[in-house]
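Each chain, letter by letter, is given below.
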Amino acid sequence: MTYENILFEVRDGVGLLTFNRPKALNALNPATIEEVNDVIERVRKDDTVRVLVLTGAGEKAFVAGADITQFPRMNPFEARAFAERGQEVFAKLEELPKPVIACANGFTLGGGCELAMSCDFIYASDKAKFGQPEINLGIIPGFGGTQRLSRLVGRARAKELCMTGEMIDARQALDLGLVAKVFPAEQLLEETLKVASRLAAKSQAALRAIKFVVDRGVDVDLRSGCALEAEAFGAAFAGQDAREGVAAFLEKRTPDFKGSLTS
Ligand code: COA
């Protein structure tokens, strides 16, 4: 597939997907969502891509939401299908068995905020703004915002943000727990890529297990979640990375994790 709305490159185990419609503040149209889906499929299959980073082209935006220009043509059935497809692709991103970092370099609104919340964590520029402004269009979030935001920041703050449509800055998003770290705008991508490179050198099997257990555990009772963790802990001991990591510690050297996701 050739991409018209995004850029995708892989360097040293890190895939970088850049939303590239800066004139529309990188708004998500259906074609962009299909291109993201294609990247997810590529990254899933390609062992050389160990970490995925998402960011936006231009100075102003990560992604300023779904593309509003298509809304006047949509009937309720088409709108539901659009929401369902977006949800499906974002769920695939969330379930990709590799770390995914959102590098929120500007407006991260509506579908952009929903996309960022589908990543494992969000690093933000000090100029970024977050929000679910759909209410101001007389509609509601459709790509999982009402659900992921409430799970991340609690129901009351999620409802406040979705009901007021208020934008918050990166510092407020950090205080809320929506964002993991805030960096000066000019350092954001470099710092994010540094962390991505560090993750690319870790055990891919262990990263996959952490992601799986945290995400699957969050919706179950504590006892079941801990049982899931114990199973995954046990399974980790079957992999070559556990042998290498423990041996490297005991031999006082840096581990060289070569295990594939299936080892
Ligand atoms: N869909 C389509 N186009 C969008 C867009 C979106 N979600 N967000 C911004 N754009 C377009 C604008 O229409 C404008 O296009 P134009 O230059 O052809 O007029 C361009 O991007 C720049 O945006 P502009 O509004 O001029 O920038 P700004 O700095 O004044 O305001 C925002 C920035 C983000 C506050 C404002 O663009 C905005 O409110 N966007 C919509 C956010 C939203 O509601 N998202 C949820 C959608 S469901």
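Just so it is clear, the model here is predicted, and its values are computed rather than measured. (Residues numbered from 1 in each chain as written. Predicted model: local features only at pLDDT ≥ 70, side-chain atom pairs only at ≥ 80, totals over all residues. Heavy atoms only, no water.)

K.L.:
So, the overall build of the chain: which residues are in play, and what are the values?
P.N.:
A tally of helices and strands in the chain yields 10 helices and 10 strands. The C-alpha atoms of the chain give 19 Å as radius of gyration, which agrees with the globular expectation for 263 residues (18 Å, within 12%). Viewed in the frame of its principal axes, the chain has a C-alpha envelope of about 60 × 40 × 35 Å. Residues counted as buried form 45% of the 263 residues belonging to the chain. For the chain, the proportion of contacts with a sequence separation of at least 24, taken over those separated by at least 6, is 70%. For the chain, the exposed surface amounts to about 13,900 Å²; the carbon and sulfur share of it is 57%. Looking at charge distribution, the chain has the averaged site of its 33 positive side-chain charges lying 2 Å from that of its 36 negative ones. (Helix = DSSP H or I, 4+ residues; strand = E, 2+ residues; numbered from the N terminus. Rg over C-alpha atoms; globule rule 2.2 N^0.38 Å. Buried < 20%, exposed > 50% of the residue type's maximum accessible area, 1.4 Å probe, protein only. Contact = heavy atoms within 4.5 Å. Areas by Shrake-Rupley, 256 points an atom, 1.4 Å probe, with all protein chains shown as cover. Lys, Arg positive; Asp, Glu negative; His and termini not counted. Charge placed at Lys NZ, Arg CZ, Asp CG, Glu CD.)

K.L.:
I'd like a description of the sheet that holds strand E1 (residues 6–11), backed by residues and values.
P.N.:
The six strands lie next to each other as E1-E2-E3-E5-E7-E10, forming an open sheet whose pairing is mixed. Two strands lie at the open edges of the sheet, namely E1 and strand E10 (181–183), each paired on one side alone. Strand after strand, the sheet turns through a mean of 20° between neighbouring axes, direction not considered. Summarising the sheet, E1 and strand E2 (residues 14–19) pair through six bridges and their orientation is antiparallel. Looking at the pairing, glutamate 9 lines up with leucine 16 of E2. Along the sheet, helix H1 (residues 30–45) makes contact with E1, E2 and strand E3 (51–56), crossing E1 at roughly 15°. (Pairing = 2+ DSSP bridges. Axes fitted to C-alpha atoms, helices over the stretch in contact; angles between N-to-C directions.)

K.L.:
Quick rundown of the sheet that holds strand E6 (residues 107–109)? Include the residues and the values.
P.N.:
Reading across the sheet, the four strands line up as E4-E6-E8-E9 and stay open at both edges, with mixed pairing between neighbours. Every interior strand has two partners, whereas the edge strands, strand E4 (61–63) and strand E9 (168–169), have only one. Across two bridges, the pairing between strand E8 (residues 129–131) and E9 is antiparallel. Bridge pairing links phenylalanine 130 to isoleucine 168 in E9.

K.L.:
Got a sec to walk through the domain arrangement of the chain? Specific residues and values, please.
P.N.:
Where the parts come together, the accessible area they lose is often given as the size of the interface. Each assigned domain of the chain is listed here: domain 1 (6–200) and domain 2 (204–250). Placing the centre of domain 1 and that of domain 2 at their C-alpha centroids yields a distance of 27 Å. Between domain 1 and domain 2, the residue contacts involve 13 residues of the former and seven residues of the latter. Together, the buried faces of domain 1 and domain 2 total about 720 Å²; carbon and sulfur atoms form 46% of this surface. Its largest share of buried area at the contact with domain 2, domain 1 owes to Arg50, Pro97 and Leu199, together 47% of the area lost on that side. Counting across the domain 1 and domain 2 interface gives two salt bridges. Note that arginine 151 is salt-bridged to aspartate 219, the shortest N-O span being 3.7 Å. Summed over the shared surface of domain 1 and domain 2, the result is five residue pairs in polar contact (both at pLDDT 80 or more). Every element with two or more residues in the side of domain 1 that touches domain 2 is listed here: helix H2 (76–95) and helix H7 (188–200). Examining the composition of the side of domain 1 that touches domain 2, we find that three residues originate from one element, H2, more than from any other. When the residues that make up the side of domain 1 that touches domain 2 are grouped by side-chain class, the tally is seven nonpolar, no polar and six charged. (Domains from an automatic or database assignment. Buried area = accessible area lost by both parts, 1.4 Å probe. Salt bridge = Lys/Arg side-chain N within 4 Å of Asp/Glu carboxyl O. Polar contact = N/O pair within 3.5 Å; in protein donor to acceptor, adjacent residues only side chain to side chain. Nonpolar A, V, L, I, M, F, W, Y, C, P; charged D, E, K, R; others polar.)

K.L.:
Which residues make up the packing of helix H4 (residues 145–153) against helix H5 (residues 155–164), and what are the values?
P.N.:
Look at H4 against H5: their axes get within 7 Å of each other, and the N-to-C directions meet at 135°. Put simply, H4 runs oblique to H5. Pair H4 / H5 crosses with right-handed handedness. On H5, the residues touching Leu149, Ser150 and Val153 of H4 are Arg155, Arg157, Ala158, Leu161 and Cys162. Partitioned by chemical class, the residues of the contact of H4 with H5 number five nonpolar, one polar and two charged. (Parallel < 35°, antiparallel > 145°, perpendicular 65-115°, else oblique. Left-handed = near helix turned anticlockwise from the far one by under 90°.)

K.L.:
Which residues make up the nonpolar core, and what values go with them?
P.N.:
Leu17, Phe19, Leu52, Leu54, Phe130 and Leu178 are the most contacted members of the largest nonpolar core, which totals 47 residues. Counting residues per element, this core draws most heavily on H1, at five residues. In this structure, Leu16, Cys103, Val195 and Leu207 belong to the second largest nonpolar core, which totals 14 residues. (Core = buried A, V, L, I, M, F, W, Y, C linked by side-chain atoms within 4.5 Å.)

K.L.:
So what's going on with the side chain of arginine 148? Residues and values would help.
P.N.:
One can find arginine 148 in helix H4. Arginine 148 gets classed as buried once you look at its relative accessible area, which sits at 16%. With sequence-adjacent residues up to four places away left out, arginine 148 is seen in contact with Phe90, Ala91, Glu94, Met117, Ser118 and Phe143.

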